[in-house]
Amino acid sequence: MDSDLDRIFEVTGESENAKCTDDPDAPRFKAISIGKSVVFSDYAITLRIDEFFGRHATIFGNTGSGNSCTVASIIQSLFSKPDTYAAHGASFVLLDNGKYRQSFAKLGFNIKRSYWRLPSGDSSDIASAEDKGETRHGFRLPHWFVSVEEWELLLRASERTQQPVLRTALGLSTLFTDESNVDLAQLQNHILASCILYIMQSDQGSPTKTDRILSVLATFSTKKLSSATIKPGIAISFDQMKDAGGVNALLSKHIKEAITVPDYANKPFPFDNLDAALDLALLYEEAHGNRQIREYCSQLRIRFKWILECDKFSFLRIDPKIILDYEKDADRFIERFLGLERNGDWLQKTSQITILHLNEAGDQIVEVASAIIARLVFERLRRADPRNRLPINIVLEEAYRYVAERPAGYAIEAGKIFERIAKEGRKYGMFLLIGSQSPSALSRTVLSQCSHFVLHRIQNPDDLSHIR
Ligand SMILES: Nc1ncnc2c1ncn2[C@@H]1O[C@H](COP(=O)(O)OP(=O)(O)OP(=O)(O)O)[C@@H](O)[C@H]1O
Ligand SMILES: [Mg+2]
């Protein structure tokens, strides 16, 4: 009887040990059991592992119907096989609302887990300090890994006027962190000189000009143009600059024709430098005759200042002077997050379950953290060689927070990257496991790419028709 059902549900050979391709001696399970059937008493419901985890999947049901339990139970069964059968290749990243950590604590401690949480006063970590399978980390995401497009969304930069200024500013913040390069030095001098010349030629009073120039030089300076070289000439005596002519001549020497500001290079820079860089970018624009630009960009700067001061965003504002090696490079950063360690050319898996704890985080933070992390993982996997070498399943619990049909757009539209992953992720070994109470509120683009549906009780007619 059961064997007939097995054949109907195409799960014959659950316990059959197929041969592993990597290691011909290691046995490998083809399917896992996830519970007992209600209809056929005592019949075990099984999932075929390769098929289920090799596509995007969803788990839906009314609140309290057991979505989270099912996700936990699927992952538990996958990892709770005896060591010879353990899923050594599988990697899960869970964007968690606080439930999963405990449910994996009972897995054998050969299944390594890393647990990341945003800095907060909460000390509930201590409870599981004994857990040997888990390593705990404070989660921080250096702001230089934020892409230009993400900065634009984060700062709500308007397309026509603010985005170009923001891009220049990001380029400048990168430019002024590298002092060794000769070409760069010329470029830095050119930009500083044109901005300072612009201030010199404006119709403000000399004392005001001097103050403005000194404030620019306080953040951005080069060997040739710094307060040491310029201050004596612009010092005020009897309301006039001491040697305006000399300073003008010095600055003019550094003006070059046809210059382009370099692109933003995701290199470490101090967060507040970006504000000064915005100022410099505005000066540079003004120096080129765009007189109203400062007014047009005032909103952008207000929003930047808010992020600069907002406590919640402290995980993003990292001081480049006190960073660890892996925080200099996006690939190494995300590899560490995923529990991959470089061993020569080879990547070694040191943990299989990564939990990013987002329970206390506000919607803005959830959006920013999840979107950037997902993009970094996606980019990393796209470059994995050979392709599909490091398959990763991302679990989105309470998925409306990440892939809503009508995104709230608090800070960054996280939905965009998840839609991209839904469409292209499979090719690179990146899969979504989406849990939600209300499927009709989720992005249709994402749902249309899901191949597996685990459905609990659902009552809402919209949700029912959506699923149908
Ligand atoms: N298969 C099951 N058998 C018995 N009880 C279950 C089962 N699955 C879940 N439960 C119980 O139902 C309750 C709700 O489960 P769970 O938290 O997984 O639901 P959910 O759909 O994720 O709800 P939420 O909307 O809060 O996210 C829990 O107390 C859990 O112990
Ligand atoms: Mg739940």
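Residues numbered from 1 in each chain as written. Chains lettered and ligands numbered in written order. Predicted model: local features only at pLDDT ≥ 70, side-chain atom pairs only at ≥ 80, totals over all residues. Heavy atoms only, no water.

S.K.: Lay out the overall build of the protein chain with the relevant residues and their values.
M.R.: Within the protein chain, the regular secondary structure consists of 18 helices and 16 strands. Each principal axis of the C-alpha atoms in the protein chain carries an extent, and together these give about 100 × 50 × 45 Å. Here the protein chain holds 468 residues, and the buried ones make up 49% of them. Here the analysis covers contacts within the protein chain between residues at least 6 apart in sequence; of these, 71% occur between residues at least 24 apart. About 23,200 Å² of surface is accessible on the protein chain, with carbon and sulfur atoms providing 49% of the total. Taken together, the 58 basic and 61 acidic charged side chains of the protein chain have centroids lying 1 Å from each other. (Helix = DSSP H or I, 4+ residues; strand = E, 2+ residues; numbered from the N terminus. Buried < 20%, exposed > 50% of the residue type's maximum accessible area, 1.4 Å probe, protein only. Contact = heavy atoms within 4.5 Å. Areas by Shrake-Rupley, 256 points an atom, 1.4 Å probe, with all protein chains shown as cover. Lys, Arg positive; Asp, Glu negative; His and termini not counted. Charge placed at Lys NZ, Arg CZ, Asp CG, Glu CD.)

S.K.: Now, about the coordination of the magnesium ion (ligand 2): what can you tell me, with residues and values included?
M.R.: Angles at a metal have ideal values that depend on geometry: 109.5 degrees with four tetrahedral donors, 90 or 180 degrees with six octahedral donors. Coordination of the magnesium ion (ligand 2) by the protein involves Ser68 (OG) and Glu397 (OE), with metal-donor separations of 2.0 to 2.8 Å. One end of the pair, Ser68, is in helix α3 (residues 67–79); the other, Glu397, is in the loop between β14 (392–396) and α16 (414–428), and 329 residues separate them in sequence. A residue is classified by how much of its surface remains accessible, and Ser68, at 13% relative accessible area, is buried. On the basis of relative accessibility, which here comes to 6%, the residue Glu397 falls in the buried class. (Donors = N, O, S within 2.8 Å, 3.2 Å for Na, K, Ca; no water.)

S.K.: Quick rundown of the site of ligand 1? Include the residues and the values.
M.R.: Around ligand 1, the structure places Asn62, Thr63, Gly64, Ser65, Gly66, Asn67, Ser68, Cys69, Lys99, Glu398 and Gln437. Within the backbone of Asn67, a nitrogen or oxygen atom sits 2.8 Å from an oxygen atom of ligand 1. Compared with its free state, where it exposes 630 Å², ligand 1 has 49% of that area covered by protein. Here the residues of the shell around ligand 1 are counted per class, giving one nonpolar, eight polar and two charged. (Near = heavy atom within 4 Å. Polar contact = N/O pair within 3.5 Å; in protein donor to acceptor, adjacent residues only side chain to side chain. Nonpolar A, V, L, I, M, F, W, Y, C, P; charged D, E, K, R; others polar.)

S.K.: So, α3: which residues are in play, and what are the values?
M.R.: Owing to its 3.6 residues per turn, the α-helix brings residues three or four apart onto one side. Its 13 residues place the ends of α3 19 Å apart at the C-alpha level, agreeing with the 18 Å of an ideal helix rising 1.5 Å per residue. When you tally the buried positions in α3, you get 10 out of 13 residues, the bulk of the element. Of the positions making up α3, those classed as buried are Asn67, Ser68, Thr70, Val71, Ala72, Ile74, Ile75, Ser77, Leu78 and Phe79. (Expected span 1.5 Å × (residues − 1).)

S.K.: Can you break down the packing of helix α6 (residues 162–175) against helix α11 (residues 273–287) residue by residue, with the values?
M.R.: For the pair α6 and α11, the least separation of the axes is 8 Å and the interaxial angle reads 120°. Considering the angle they form, α6 stands oblique to α11. As for the relative orientation of α6 and α11, their crossing is right-handed in sense. Between α6, through Val165, Leu166, Thr168, Ala169, Leu170, Leu172 and Ser173, and α11, the contact on the second element is made entirely by Leu274, Ala277, Leu278, Leu280, Ala281, Leu282 and Glu285. (Axes fitted to C-alpha atoms, helices over the stretch in contact; angles between N-to-C directions. Parallel < 35°, antiparallel > 145°, perpendicular 65-115°, else oblique. Left-handed = near helix turned anticlockwise from the far one by under 90°.)

S.K.: Can you explain the nonpolar core? Please cite residues and give values.
M.R.: Formed by 111 residues in total, the largest nonpolar core has its most connected members in Phe139, Trp151, Leu280, Phe315, Leu396 and Phe418. When residues of this core are assigned to domains, at least three map to each of domain 2 (55–142 + 328–467) and domain 3 (148–315). Aside from chain neighbours lying at most four places away, what touches Phe139 is Trp116, Arg117, Leu118, Pro119, Phe315, Phe337, Leu356, Ala369 and Ile373. One finds Ile32, Phe52, Leu94 and Tyr100 within the second-largest nonpolar core, a separate group that totals 28 residues. (Core = buried A, V, L, I, M, F, W, Y, C linked by side-chain atoms within 4.5 Å. Domains from an automatic or database assignment.)

S.K.: Tell me about the packing of α11 against helix α13 (residues 298–309), and please be specific about residues and values.
M.R.: One way to put it is that α11 packs onto α13 with a least axis distance of 10 Å and a crossing angle of 170°. Considered as vectors, α11 and α13 are oriented roughly antiparallel to each other. The residues of α13 that touch α11, namely those facing Leu274, Asp275, Leu278, Asp279 and Leu282, are Leu300, Arg301, Phe304 and Lys305. Split by residue class, the contact of α11 with α13 holds five nonpolar, no polar and four charged.

S.K.: Could you give an account of the sheet that holds strand β7 (residues 113–117), with specific residues and numbers?
M.R.: Strand order across the open sheet formed by eight strands is β8-β7-β13-β6-β14-β15-β5-β16, with parallel pairing between neighbours. The open sheet has two edge strands, β8 (134–138) and β16 (450–455), and neither has a second partner. For this sheet the average axis-to-axis angle between neighbouring strands, irrespective of direction, equals 15°. Of the strand pairs in this sheet, β14 and strand β15 (residues 430–436) are connected by five bridges, and their pairing is parallel. Bridging across to β15, Ile392 finds its partner in Met430. Each of β6 (92–96), β7, β8 and β13 (353–357) touches helix α14 (residues 330–337); the most contacted strand, β7, lies at about 115° to it. (Pairing = 2+ DSSP bridges.)

S.K.: Run through the pattern of salt bridges, naming residues and quoting values.
M.R.: Scanning all chains against the criterion turns up 20 salt bridges. Notably, a salt bridge pairs Arg117 with Glu360, separated by 3.1 Å at the nearest N-O pair. One end of the pair, Arg117, is in strand β7; the other, Glu360, is in the loop between β13 and α15 (363–382), and 243 residues separate them in sequence. A relative accessible area of 6% means that Arg117 is categorised as buried. A salt bridge links Arg383 to Asp331; its shortest N-O distance comes to 2.8 Å. With Arg383 in the loop between α15 and β14 and Asp331 in helix α14, the pair connects residues that are 52 residues apart, well separated along the chain. We classify Asp331 as buried; its relative accessible area is 19%. Beyond isolated ion pairs, a larger network of salt bridges with shared partners links Asp275, Asp279, Glu286, Arg294, Arg301 and Lys305. (Salt bridge = Lys/Arg side-chain N within 4 Å of Asp/Glu carboxyl O.)

S.K.: Help me get a handle on the environment of Leu376, residues and values and all.
M.R.: Residue placement: Leu376 occurs in helix α15. Exposure remark for Leu376: the relative accessible area of 4% places this residue in the buried category. Distance from Leu376 to Asp331, taken between C-alpha atoms, is 7.7 Å for residues 45 residues apart in sequence.

S.K.: Describe unusual backbone geometry, and please don't skip the residues or the numbers.
M.R.: Even without a glycine there, the phi angle at Phe238 is positive, about 50°. Note on placement: Phe238 falls in the loop between β9 (236–237) and β10 (240–241). Unusually for a residue other than glycine, Asn266 sits at a positive phi of about 50°. Examined against the element boundaries, Asn266 turns out to sit in the loop between α10 (244–253) and α11. With relative accessibility at 31%, the residue Asn266 sits in the partly exposed group.

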